[in-house]
Amino acid sequence: MNRRYRKTIIAGNWKMNKTASETKKFAEELKALLPKAKWCDVVVCVPAVNIPAAIKAFKDVRVSVGAQNLFYEKSGAYTGEVSADMLKDLGVKYVIIGHSERRQYFGETDFTVNKKVHAALDAGLHPIICVGESLEQRELGITMELIALQVKSALAGVSAEKLRKCVIAYEPIWAIGTGKTATAEQAAEVCTFIRTTVRHLYGARIARSITIQYGGSMKPSNAAELLGQPDIDGGLIGGAALNAKDFVEIINAANQE
Ligand code: PGA
């Protein structure tokens, strides 16, 4: 973390978990446990149907609500899809784009990720752009090339002004939901590389101000070490964000000086 130059953001990614009533219950538990002063922004990305319930439940908890996906067209005959304007209108602030599960199960590509990033930014949302390598790609030694490609294609055509609204999440696929966390060194190495890639594209001042999260089995026991790395400015948390106590412990780790 480096709070002088950029925001620390702890975001939960609930994936396809929790009903609207469970959302309300979680918000109450979180409210009781959250520290009074927090130096990080807290976001909970809920399933689309639970967004109205979440907006209501988190209203006085200083927690922003995020979505997990959007479709890039403004409106039209796209059965089952949700647009950026629809999310914005509900009061959503952040939206996860290009999560590896969407790339793996729902055919997302670097190309669609770029279109979604533009749609989010045009609607005034903050995209949390996910990048990350598979185990095979890491073993082949092509992690950095792949990450550079993902970052560059996600940001293609994004102005410096709009980049300020973006968050990048490094999520090694082999560490997601597996209990296998990247070591702090592995995570830091790639997060630093992402910042360098952004510096080459946009210059040092902007690269210094962008929030880069780590995601992949982040939990209370490893959060402090991961967040202690200078280029890791927060976490995108799946499993551990489903439990208010664990989530707050991670927030507390981000609150340390
Ligand atoms: P995990 O998920 O924390 O359960 O590994 C992280 C993510 O997929 O964003």
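Scroll up for the structure.
In this report, the structure presented in the accompanying data block is examined. (Residues numbered from 1 in each chain as written. Predicted model: local features only at pLDDT ≥ 70, side-chain atom pairs only at ≥ 80, totals over all residues. Heavy atoms only, no water.)

**Things to note about the site of the ligand**
At step 1: Close contacts around the ligand come from 13 residues, with Lys-15, His-99, Glu-171, Gly-177 and Ser-217 the closest.
At step 2: Here Ser-217 contributes a backbone N or O atom positioned 2.7 Å from an oxygen atom of the ligand.
At step 3: For the ligand, the accessible surface in isolation is 290 Å², of which the surrounding protein chains cover 95%. (Near = heavy atom within 4 Å. Polar contact = N/O pair within 3.5 Å; in protein donor to acceptor, adjacent residues only side chain to side chain. Areas by Shrake-Rupley, 256 points an atom, 1.4 Å probe, with all protein chains shown as cover.)

**Brief notes about the sheet that holds strand β3 (residues 64–67)**
Picture the strands of a sheet paired through backbone hydrogen bonds; they go either parallel or antiparallel.
At step 1: On the basis of which strands lie adjacent, the closed barrel formed by eight strands has the order β1-β2-β3-β4-β5-β6-β7-β8 and parallel pairing. On average, adjacent strands in this sheet sit at an angle of 25° to one another, irrespective of strand direction.
At step 2: The pairing of strand β2 (residues 40–45) with β3 spans three bridges and is parallel. Bridging across to β3, Val-43 finds its partner in Ser-64.
At step 3: With respect to the sheet, helix α7 (residues 143–155) is in contact with β5 (126–131) and β6 (167–170), its orientation differing from that of β5 by roughly 155°.
At step 4: Each of β1 (8–13), β2 and β8 (234–237) touches helix α12 (residues 244–254); the most contacted strand, β1, lies at about 165° to it. (Pairing = 2+ DSSP bridges. Helix = DSSP H or I, 4+ residues; strand = E, 2+ residues; numbered from the N terminus. Axes fitted to C-alpha atoms, helices over the stretch in contact; angles between N-to-C directions. Contact = heavy atoms within 4.5 Å.)

**Let's talk about the state of the cysteines**
At step 1: Enumeration according to the criterion identifies zero disulfides in this entry.
At step 2: Here Cys-45 is not disulfide-linked; the sulfur of Cys-130 is the nearest cysteine sulfur, at 9.0 Å.
At step 3: Note on Cys-166: no disulfide assigned, nearest cysteine sulfur contributed by Cys-130 at a separation of 12 Å.
At step 4: With a relative accessible area of 3%, Cys-166 lands in the buried category. (Disulfide = S-S within 2.5 Å. Buried < 20%, exposed > 50% of the residue type's maximum accessible area, 1.4 Å probe, protein only.)

Such coordinate-based values are descriptive only and should not be taken to indicate function.
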